[in-house]
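Tertiary structure, described
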Amino acid sequence: MQDRTYTAEAEPGETVTVAGWVHEVRDLGGIAFLILRDTTGQIQVKFQKDEMDEDLVETGLGVSRESVITVTGAVEEEPRAPTGVEITPESVEVVAAADPELPLDPSGKVDAEISTRLDNRTLDLRKEEVQAIFEIRAEALAAIRAHFREVGCTEINTPKIVATGTEGGTELFPITYFGQEAFMNQSPQLFKQLMAGSSLERVFEIGPIFRAEEHNTPRHLNEATSIDFEGAFCDHQEAMDVVEGVVKAAYEAVAEECSEELETLGLADEFEVPEEAFPRLSYEEAIERINATGELEEQLVWGDDLPTEGEKALGEDVGTHYFITDWPSEIKPFYIMDHEEDEQLSTGFDLMHPRMELVSGGQREHRYEELVDGFEQQGLDPDAFEYYTKMFKYGMPPHAGWGLGGERLVMTMLGLENIREAVLFPRDRQRLSP
Ligand code: ATP
Ligand code: MG
């Protein structure tokens with residue numbers, strides 16, 4: 001819209017046209033105020049009834065909440081107004097009237113259930129604190145992209161419709177592709193590895209992953225945003241350095257660029273950029289420390305996957321982001337390389353936030369024979385993956401990488417209780433629309 005001024009930029013002494021939503025109308029008798037809201041904030045519009053054209057007053061005060069209007073008028077300083085300025089309107093135009101019955105209250109005075117909020121996400125995102133989450137998410141993703149470029153990575157986009165899955169058949173969503181069975185991709189794993197073997201060498205992708213997991217938890221989605229890295233001539237240690245850099249870059253950018261949003265979320269004082277190196281605990285140390293907390297009914301033994309309560313107890317004990325390294329080979333995927341000195345130990349690692357897992361990664365098996373054996377041991381048919389395995393015959397360098405859950409990053413960064421708060425239109429067991 002030409003000649004539109006954002007509410008945050010309306011300066012005293014100017015005559016401006018602002019456009020946005022009717023946040024509130026307060027009629028005090030002789031005087032009334034309309035609060036207009038746009039993406040940058042709010043501004044007060046003052047109606048001095050006996051000094052103004054009757055039609056103008058009627059239009060301004062008769063409009064229903066959440067209607068879209070434009071207001072043209074002079075901006076004046078007014079210390080009592082919420083933002084220190086107010087507009088005396090010359091004209092008010094109703095662009096799109098809103099139904100007076102709203103399914104939720106964007107002013108936030110009346111709380112709504114999460115399901116009502118998700119059903120009406122447009123209205124929900126008219127709330128400052130919900131808007132703040134998505135501004136922060138966008139800032140974090142932009143910083144992550146910039147950081148990847150700084151460390152020599154090329155952004156790629158790989159197919160989401162695939163012929164085969166990597167992480168076992170049960171978690172795949174099948175679809176029909178011109179009469180043929182196909183699947184929604186669970187992870188860009190195989191494709192990003194193929195690109196680490198190309199002259200791109202170091203690649204990243206930010207894109208959707210699809211998991212047909214039945215569980216319904218506050219930290220699982222059936223469609224999530226995965227931030228993926230894969231680098232040629234990298235080992236697992238270097239891959240951990242890269243993810244540590246990415247996570248810190250996201251926190252730094254949010255601290256620097258999103259102070260208002262953090263304020264809105266009540267996090268201005270407690271938001272901390274992780275400064276120290278993330279501790280790297282071996283799996284063995286991790287289970288010993290979990291056992292020592294006494295939080296689990298049964299002691300963990302070598303080879304156990306870490307139960308959620310175990311992760312929680314360890315997270316409280318460590319208190320910062322940390323890595324768990326040197327997992328037993330048997331509980332990490334077959335494409336992860338084992339340690340040369342000890343085949344029981346894998347180079348797989350997880351990056352943990354005190355509350356939950358954020359990342360899984362590792363060095364990959366790049367030797368053709370070992371890779372094909374791995375498929376067989378996993379009960380997967382290597383022939384079905386020939387498009388992938390054959391590239392390992394034509395000069396595949398050692399490489400390593402990881403996948404970071406974008407929503408989990410935002411969720412843990414902002415202390416959100418439910419991962420659904422960090423995604424606009426979540427896909428879960430109950431939700432396929434909107
Ligand atoms: P979890 O054990 O927590 O279910 P996972 O080990 O199955 O996760 P990976 O396959 O290792 O997940 O995926 C790498 C990262 O992608 C995870 O650490 C997580 O941040 C994110 N992720 C994976 N699955 C989901 C999901 N269903 N919902 C949201 N994020 C996910
Ligand atoms: Mg994992």
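Since this is a predicted model, take the numbers as computed values, not measurements. (Residues numbered from 1 in each chain as written. Chains lettered and ligands numbered in written order. Predicted model: local features only at pLDDT ≥ 70, side-chain atom pairs only at ≥ 80, totals over all residues. Heavy atoms only, no water.)

What to know about the overall build of the protein chain
Threshold: Only runs of H or I of at least four residues qualify as helices and only runs of E of at least two qualify as strands under DSSP, and these elements are numbered from the N terminus. Type-normalised accessible area, obtained with a 1.4 Å probe on protein chains alone, sets the label of each residue: buried when under 20%, exposed when over 50%, and partly exposed for intermediate values. Whether two residues are in contact is decided by their heavy atoms: any pair within 4.5 Å suffices. Reported accessibility uses the Shrake-Rupley method at a 1.4 Å probe radius. Residues are deemed covered only where the shown protein chains occlude them. In this tally Asp and Glu are treated as negative and Lys and Arg as positive; neither His nor the chain ends contributes. Every charge is mapped onto a representative atom, which is NZ of Lys, CZ of Arg, CG of Asp or CD of Glu.
Counting secondary structure elements, the protein chain contains 12 helices and 16 strands. A principal-axis box enclosing the C-alpha atoms of the protein chain has dimensions of 85 × 55 × 40 Å. The buried share among the 434 residues of the protein chain stands at 52%. Counted over contacts in the protein chain with a minimum sequence separation of 6, partners at least 24 positions apart contribute 64%. Of the roughly 21100 Å² of accessible surface on the protein chain, a fraction of 46% belongs to carbon and sulfur atoms. Here the protein chain holds 35 positive side-chain charges and 91 negative ones, and the gap between their average locations is 3 Å.

Observations regarding a negative patch on the surface
Applicable threshold: Patch members must show over 30% relative accessible area and no salt bridge, and they are joined within 9 Å when carrying like charges or within 5 Å when they are nonpolar side chains of Val, Leu, Ile, Met, Phe, Trp or Tyr. Definition used for salt bridges: Asp or Glu carboxyl oxygen within 4 Å of a side-chain nitrogen of Lys or Arg.
Taken together, Glu340, Glu341, Asp342, Glu343, Glu369, Glu370, Asp373, Glu376, Asp381, Asp383 and Glu386 make up a surface patch of like negative charges. Per-element tally for the negative patch: the top contributor is helix α10 (residues 368-377), with 4 residues. On the secondary structure map, Asp373 appears in helix α10. Residue class for Asp373 comes out partly exposed when judged on its relative accessible area of 39%.

Side note on the domain arrangement of the protein chain
Stated formally: As annotated, the domain borders come from an automatic or database domain assignment.
Taken as a whole, the protein chain is organised into domain 1 (7-96) and domain 2 (122-279 + 320-422). Each of domain 1 and domain 2 was reduced to a C-alpha centroid, and the two centroids are 47 Å apart.

A short note on helix α5 (residues 189-196)
Within α5, 7 of the 8 residues are buried, which leaves the element mostly enclosed by the surrounding structure. Listing the buried residues of α5 in full gives Gln189, Leu190, Phe191, Lys192, Gln193, Leu194 and Ala196. Turning to α5, the residues buried within the fold contact β7 (161-162), β10 (202-210), β11 (223-232), α11 (386-389) and β16 (399-405).

Some words on the sheet that holds strand β9 (residues 180-184)
Quick note on the threshold: Paired strands, as defined in this entry, are two strands with at least two bridges between them according to DSSP.
The strand order across the open sheet formed by 3 strands is β7-β9-β8, and the pairing between neighbours is antiparallel. The two strands at the open ends of the sheet, each matched to only one other strand, are β7 and β8 (173-177). In the sheet, β8 pairs with β9 via 5 bridges, with the strands oriented antiparallel. In the strand pairing of β9, Tyr177 is matched with Gln180.

Examining the packing of helix α4 (residues 128-150) against helix α12 (residues 406-413)
Where we set the bar: Angles run from 0 to 180 degrees between N-to-C directions of axes, and those axes are lines fitted to C-alpha atoms, restricted for helices to the stretch in contact. Every angle not falling under 35 degrees, over 145, or within 65 to 115 is termed oblique; those three ranges are roughly parallel, roughly antiparallel and roughly perpendicular. Here a crossing is taken to be left-handed if its near helix is turned anticlockwise relative to the far helix by less than a right angle, and right-handed if that turn runs clockwise. Amino acids are sorted into nonpolar (Ala, Val, Leu, Ile, Met, Phe, Trp, Tyr, Cys and Pro), charged (Asp, Glu, Lys and Arg) and polar (every other residue, Gly among them).
Look at α4 against α12: their axes get within 11 Å of each other, and the N-to-C directions meet at 120 degrees. As the angle between them shows, α4 and α12 are arranged oblique. Seen from above, α4 lies across α12 with right-handed handedness. Across from Ile133, Ile136, Arg137 and Ile144 in α4, the residues of α12 making contact are Glu407, Leu409, Val410 and Met413. Along the lines of polarity and charge, the residues of the contact of α4 with α12 split into 6 nonpolar, no polar and 2 charged.

Topic: the site of ligand 1
As a reminder of what qualifies: For this purpose, a residue is taken to be near a molecule or strand whenever a single non-hydrogen atom of the residue falls within 4 Å of it. Distance and chemistry together define a polar contact, namely a pair of N or O atoms within 3.5 Å, with one atom able to donate a hydrogen and the other to accept it when in protein, and with adjacent residues in sequence counting only for side-chain atoms on both sides.
Close contacts around ligand 1 come from 14 residues, with Arg211, His220, Leu221, Glu357 and Leu358 the closest. Between Arg211 and ligand 1, the recorded distance is 2.7 Å, taken from a side-chain N or O atom to an oxygen atom. At 2.6 Å from an oxygen atom of ligand 1 is found a side-chain nitrogen or oxygen belonging to Glu357. Taken by itself ligand 1 offers 590 Å² of open surface, and the protein chains cover 83% of this. The set of elements that each furnish at least two residues to the shell around ligand 1 consists of β15 (356-363) and β16. In terms of residue count, β15 provides more of the shell around ligand 1 than any other element does, 4 residues in total. A per-class count over the shell around ligand 1 returns 5 nonpolar, 4 polar and 5 charged.

Brief notes about the packing of aromatic side chains
Convention followed: Note on ring pairs: Phe, Tyr and Trp rings are taken, using the six-membered ring of Trp, and paired if centres are within 6.5 Å. Classes follow the plane angle, with under 30 degrees stacked, over 60 edge-to-face and the rest tilted. Working rule: Lys NZ or Arg CZ, within 6 Å of ring centre, within 35 degrees of ring normal, means a charge sits over the ring.
Per the stated rule, a full pass over the model turns up 16 aromatic pairs. Here the aromatic rings of Phe323 and Phe349 are separated by 5.8 Å at their centres, their planes lie at 80 degrees, and the arrangement is edge-to-face. Pair noted here: Phe323 is in strand β13 (residues 322-325) and Phe349 is in strand β14 (residues 349-353), with a separation of 26 residues, a long-range link. For Phe323, a relative accessible area of 0% translates into the label buried. A relative accessible area of 0% places Phe349 in the buried class. Centroid distance Phe334 to Tyr335: 5.6 Å. Interplanar angle 70 degrees. Geometry classified as edge-to-face. Just as Phe334 is buried, Tyr335 falls in that class too. A network of ring pairs unites the aromatic residues Phe334, Tyr335, Phe375, Phe385, Tyr388 and Phe392 as a single cluster. Above the plane of the ring of Phe278 lies Lys248, whose end atom (NZ or CZ) is 5.0 Å from the centre.

Side note on the pairing of β13
Alternating residues of β13 divide into Tyr322 and Ile324 and Phe323 and Thr325, and every residue in both groups is buried. Both strand β12 (residues 280-282) and β13 contribute to a ladder of 3 bridges, which runs parallel. Looking at the pairing, Ser282 lines up with Thr325 of β13.

Quick word on the coordination of the magnesium ion (ligand 2)
The condition that has to hold: In this description, a donor is an N, O or S atom within 2.8 Å of the metal centre, a cutoff extended to 3.2 Å for sodium, potassium and calcium. Water is not part of the atom list, which can make sites seem incomplete.
The magnesium ion (ligand 2) binds to the protein through Glu357 (OE) and Ser360 (OG), with metal-donor distances spanning 2.2 to 2.3 Å. Look at Ser360 and you get partly exposed, because its relative accessible area is 30%.

Structural notes on the side chain of His236
Along the chain, His236 turns up in helix α6 (residues 236-257). Sequence-distant contacts of His236, defined by excluding residues within four places in its chain, comprise His339, Thr347, Phe349, Gly362, Gln363 and Ala400.

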